[in-house]
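Fold and geometry: a report
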Amino acid sequence: MSKNVFNSVNLFIAFQYLVARKKQSILATLGVLLGVTIFIVMISFMTGVNGFLDDAVFNGSPDIVIHQKPDKVKLKGLFGTKTPVLQQVSDIATSLGRHDNVKGFAQQTLSPAILLSETQQLPVSINGVFPDREYKMVDLERRLVHGDGFESLKDENAILLGVSLAKRLQVSQGDELRMILPNGRNHSLTVSGIFSFGISTIDNLRTYVNANTLQGLLENESGITNIHVKLKDREDLGLKNALLQQYGGIIVDDWMDGNKTIVIGNKVRNVMTWTISFALLLVAGFGIYNIMNITVIQKRKDIAVLKTMGYAGKDLVFIFLAQSFVIGSIGSLLGSFFGYLISYAISLAPLETSDFIIVDTYPITFEVKFYLLGASFGILTSLLAGYFPSKKASRVDPVTIIRDI
């Protein structure tokens, strides 16, 4: 034969072998199809779930929190009359504004307090925020269960509550609360909105009020206790070290410190998802290997004839690899198509949840790289599954086969 194995005769023989064993070819194609389909559906669903959880946690929380290191000598006790404030606020803000990885930052005044409704009284954390800056940090509008978001805090007597806290206080939008601060001062507030992040540590404790109102009640007109920072690249925490080196007397907490369980959980889920998904493709590859191996055994006479006609081992390898490539390509393309259809159907399926989690349908991530990876791996496993039987076929001794006939 010609030195060029890629020729019309070899392709014709490969095609004839495919159509001659239609059932085996269809079964092998279905194996790849199912492997790629399940791979895409699992990856899309699990990454969607991880993305939903990350969004619920990290959208409602800053990537970096800067606050003052407490001075135990100056602290007067749990209910002292003075709230520790952050020093060098202007200098820190200037540094943040110049840093390339800073997406945005907002100053806050935080204080413990007790909220009293007509029936309940609960300890909470009061977040005094500046509405025109805080809305850039937290997308509260799509987290609202009732009422208005940060815009409502322009009324200095308004308060926003987490949904769990609102249920415990037995209040709804428009109801009045009384806030008692550590210095003994109290103030009447109106519930302007109720939000839900689906995270109990947020929805059970967090409240938002106007920072000017809280600072006035604390008798500290410029008392900034925290600076919350959002990063462009959350994985790059170089800003934390830079701030600690540049400014003394501050504490800088990052998102990893406060969410270690979630970070580890995401890693475990990702490892499990990718492992199971690739295992399904490997199982499909073994199915193709068995079918190709049976084909080699059944075509021993044909292989002997081809070798006596002058076909080299590489010609035989090409013939069987061509069959595997066709099976893998068709199976991968169909698998990608059905994977998209099933993923899309899941993304439209209604998800019944309580008020604590605001999501209407199952979370699915549609990324081209998943489809390319699934199709590529499907074709690769098919080629590998066809290579070993083809090498076996290339070593067949035609004299031995003809003697056994």
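Residues numbered from 1 in each chain as written. Predicted model: local features only at pLDDT ≥ 70, side-chain atom pairs only at ≥ 80, totals over all residues. Heavy atoms only, no water.

**A closer look at the overall build of the protein chain**
Looking only at helices and strands, the protein chain has 14 helices and 10 strands in total. Every one of the 405 residues in the protein chain was classed for burial, and the buried ones make up 46%. Expressed as a percentage of contacts within the protein chain between residues at least 6 apart in sequence, the contacts between residues at least 24 apart total 78%. When the accessible area of the protein chain is evaluated, it comes to approximately 20,900 Å², of which 60% is carbon and sulfur surface. (Helix = DSSP H or I, 4+ residues; strand = E, 2+ residues; numbered from the N terminus. Buried < 20%, exposed > 50% of the residue type's maximum accessible area, 1.4 Å probe, protein only. Contact = heavy atoms within 4.5 Å. Areas by Shrake-Rupley, 256 points an atom, 1.4 Å probe, with all protein chains shown as cover.)

**Regarding the environment of asparagine 127**
Assignment of secondary structure puts asparagine 127 in strand 3 (residues 121–129). For the pair asparagine 127 and alanine 211, spaced 84 residues apart in the sequence, the C-alpha separation amounts to 7.6 Å. Residues contacting asparagine 127, with those up to four places away along its chain left out, are Gln108, Thr109, Leu110, Arg206, Thr207, Tyr208 and Val209.

**Things to note about the side chain of aspartate 254**
Relative to the helices and strands, aspartate 254 resides in strand 10 (residues 250–254). Here the side chain of aspartate 254 touches lysine 240 through a polar contact of 2.7 Å, side chain to side chain. (Polar contact = N/O pair within 3.5 Å; in protein donor to acceptor, adjacent residues only side chain to side chain.)

**Points about the pairing of strand 8 (residues 206–210)**
In terms of burial, strand 8 is largely enclosed, as five of its five residues are buried. Where strand 3 lies against strand 8, five bridges are found, and the strand directions are parallel. Paired with asparagine 127 across the two strands is tyrosine 208, which belongs to strand 8. Pairing between strand 5 (residues 158–162) and strand 8: three bridges, direction antiparallel. Each residue of the ladder has a partner; that of leucine 160, found in strand 8, is tyrosine 208. (Pairing = 2+ DSSP bridges.)

**Quick look at the environment of aspartate 315**
Tracing the backbone shows aspartate 315 in helix 12 (residues 313–348). Along the backbone, aspartate 315 and asparagine 10 are 305 residues apart, and their C-alpha atoms lie at a distance of 7.0 Å.

**Some words on helix 8 (residues 238–246)**
Those residues of helix 8 lying buried are Leu239, Lys240 and Leu243. The buried residues of helix 8 all sit within an arc of 105° when viewed along its axis, so they share a single face. (Arc of directions from axis to C-beta.)

**Looking at unusual backbone geometry**
A positive phi angle, close to 55°, is found at glutamine 88, a residue other than glycine. When you line up the elements, glutamine 88 lands in the loop between strand 1 (64–68) and helix 3 (89–98). Although it is not a glycine, glutamine 170 adopts a positive phi angle of roughly 60°. If you trace the backbone, glutamine 170 turns up in the loop between helix 5 (163–169) and strand 6 (176–180).

**With respect to the pairing of strand 5**
Here strand 5 lies mainly inside the structure; five of its five residues are buried. Burial along strand 5 is two-sided: Ala158, Leu160 and Gly162 facing one way and Ile159 and Leu161 facing the other are all buried. Relative to strand 7 (residues 186–195), strand 5 runs parallel, the two being bridged by five bridges. Bridged to glycine 162 within strand 7 is phenylalanine 195.

**Brief notes about the pattern of salt bridges**
Any two side chains of opposite charge can pair, so long as their charged atoms come close to each other. In the structure shown here, the tally under the stated rule is three salt bridges. When the shortest N-O distance is used, the salt bridge between glutamate 151 and lysine 154 registers 3.1 Å. By relative accessible area, lysine 154 is classed as exposed at 55%. Measuring nitrogen to oxygen at the nearest pair gives 2.7 Å for the salt bridge that ties lysine 240 to aspartate 254. With lysine 240 in helix 8 and aspartate 254 in strand 10, the pair connects residues that are 14 residues apart, well separated along the chain. Classification of lysine 240 by relative accessible area gives buried; the value is 15%. (Salt bridge = Lys/Arg side-chain N within 4 Å of Asp/Glu carboxyl O.)

**What about helix 1 (residues 8–20)?**
Spanning 13 residues, helix 1 covers 18 Å between terminal C-alpha atoms, matching the ideal 18 Å at 1.5 Å per step. Buried within helix 1 we find Asn10, Ile13, Ala14, Tyr17 and Leu18. For helix 1, the buried positions fall inside an angular range of 140° around the axis, keeping them on one side. More than 90 degrees from the buried face of helix 1, the exposed residues found are Ser8 and Phe12. (Expected span 1.5 Å × (residues − 1).)

Just distances and angles here, no functional claims.
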